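Structural description and commentary
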Amino acid sequence: MPHAVRLAAAAALVSLLIPFTVHAAGGGGGGGGSMPSDSAPSYDPVAEYQKGIAALQASKFGEAKRAFDRVLSVAPRDANTAYMAGLASDGLEKPKDAKKYYEKALKNDKAHVDARRALALALVKLGERDAAQAELDALKAAATACATACPDAARIDAAVLAVSAALAGQQAARAPLPAAGGRAGDLVYGEAVALINLRRYDAALASLYRAGESFGPHPDVLTYLGFTNRKLGRPERAADYYRQALAIAPDHRGALEYFGELKVERGDLAGARANLARLEKVCRFGCYEAEELRRWIDSGPPAAS
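Residues numbered from 1 in each chain as written. Predicted model: local features only at pLDDT ≥ 70, side-chain atom pairs only at ≥ 80, totals over all residues. Heavy atoms only, no water.

Attention now moves to the state of the cysteines. Counting across every chain of the model gives two disulfides. With its sulfur 1.7 Å from that of its partner, Cys146 forms a disulfide with Cys150. With the S-S dihedral at roughly -100°, the linkage between Cys146 and Cys150 falls on the left-handed side. Residue Cys146 is classed as buried on the basis of its relative accessible area, which comes to 7%. Cys150 gets classed as partly exposed once you look at its relative accessible area, which sits at 25%. Residue pairing for Cys283: its cysteine sulfur links by disulfide to Cys287, the two sulfurs lying 2.1 Å apart. Every disulfide takes its handedness from the sign of the S-S torsion; for Cys283 and Cys287 that torsion is 70°, giving right-handed. Each of the two residues, Cys283 as well as Cys287, counts as buried. Take the cysteines of the chain that form disulfides and number them in order along the sequence; they join up as 1-2, 3-4. (Disulfide = S-S within 2.5 Å. Buried < 20%, exposed > 50% of the residue type's maximum accessible area, 1.4 Å probe, protein only.)

All right, on to the packing of helix 10 (residues 219-231) against helix 11 (residues 235-248) then. The contact between helix 10 and helix 11 brings their axes to 7 Å, and the two run at 165°. Accordingly, the angle class assigned to the pair helix 10 and helix 11 is roughly antiparallel. When you trace helix 10 past helix 11, the crossing you get is left-handed. Taken together, the residues of helix 11 that come into contact with helix 10 (itself represented by Pro219, Leu222, Thr223, Leu225, Gly226, Phe227, Asn229 and Arg230) are Arg237, Ala238, Tyr241, Tyr242, Gln244, Ala245 and Ile248. (Axes fitted to C-alpha atoms, helices over the stretch in contact; angles between N-to-C directions. Helix = DSSP H or I, 4+ residues; strand = E, 2+ residues; numbered from the N terminus. Parallel < 35°, antiparallel > 145°, perpendicular 65-115°, else oblique. Left-handed = near helix turned anticlockwise from the far one by under 90°. Contact = heavy atoms within 4.5 Å.)

So, about unusual backbone geometry. The phi angle at Ser59 is positive, at roughly 60°, despite the residue not being glycine. For Ser59, the position within the fold is in the loop between helix 1 (45-57) and helix 2 (61-74). The phi dihedral of Glu93 is positive, around 60°, even though this residue is not glycine. Of note, Glu93 is situated in the loop between helix 3 (79-91) and helix 4 (95-108).

Quick look at the nonpolar core now. Generally speaking, soluble globular proteins have nonpolar side chains that are buried together. Counting residues in each nonpolar core, the largest one holds 43 residues, and the members touching the most others are Leu56, Phe68, Tyr83, Met84, Tyr102 and Val163. Among the elements of the structure, helix 1, helix 2, helix 3, helix 4, helix 5 (113-125), helix 6 (129-146) and helix 7 (153-167) are those that each provide at least two residues to this core. Contact partners of Tyr102, with chain neighbours within four places excluded, come to Tyr83, Gly86, Leu87, Asp90, Ala115, Ala118, Leu119, Ala122 and Arg174. Of all hydrophobic cores here, the second largest spans 42 residues; its members include Leu208, Phe215, Leu222 and Leu293. (Core = buried A, V, L, I, M, F, W, Y, C linked by side-chain atoms within 4.5 Å.)

Before going further, it helps to examine the pattern of salt bridges. Summed over the entire model, instances satisfying the criterion amount to 19 salt bridges. Note that Glu135 is salt-bridged to Arg116, the shortest N-O span being 2.6 Å. Here the residue Glu135 occupies a position in helix 6, and Arg116 occupies one in helix 5, the gap between them amounting to 19 residues. On the basis of relative accessible area, Arg116 is assigned to the buried category, the value being 17%. With a shortest N-O distance of 3.1 Å, Arg253 and Glu289 are connected by a salt bridge. Remark: Glu289 occurs in helix 14 (residues 288-299) and Arg253 occurs in helix 12 (residues 253-265); sequence separation between them is 36 residues. In this structure Arg253 comes out as buried when scored by relative accessible area, which is 9%. (Salt bridge = Lys/Arg side-chain N within 4 Å of Asp/Glu carboxyl O.)

Here it is as structure tokens:
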């Protein structure tokens, strides 16, 4: 088991999981042992995101957009929130506003299939057929690269069909809304952690993205997105997710530790020590995360890490 993955998954996933250890509670993923539906930062963009999804499902588009805009005010780089704000704008019959939100989502996550699908549909509605065709071409390229092997294969194929239909003047189906948080979201999150334990990082990313769709910018999910990208050799992307988690929850122990470990890997010992100092302030009586990061600073990354 990778030393970094320390979190209990849902009991319903026991048949899928290999054991992993739970450390002291509080602080969320990477050291908390809680599930995302049980933990939240002091300002809870997750709760606001849930309100937005509930409003979308009730076709209360103005209320939904206000909720998502509030989330974006504290988590401006969250692609899922930008995508949902676009859906709310579409519901308000404001395709130009929707287009801007979808573009924002794709700026922060180029692989966000539903945002690309929705952007193409908005472009068709706006009469920008060449731009819509370009988005369709991007989806087709993703489908070719994916074939049937990647976790998003079905979603990409559905997007290609929807955009093709819209360009042909037919009714195009929109992507279904995700379930809003709760235990269903926890199960997806637990699945992601199980996949990380198995070092199946690409598959774990797909599950983490689904968890993000349910919970919005939850620091636990963002922390593990950072960890997984780090394991896939994407340090800049990992650092960005850690920063997003800490912008929402500055005392998040998992994010502080893992970001500190990344800094050690990159030779930034001063930055790692700054993270350790923050952890020592948060963990006044000591905690695993502080001890682990101190070990990294003193000895370097473990050989098997």
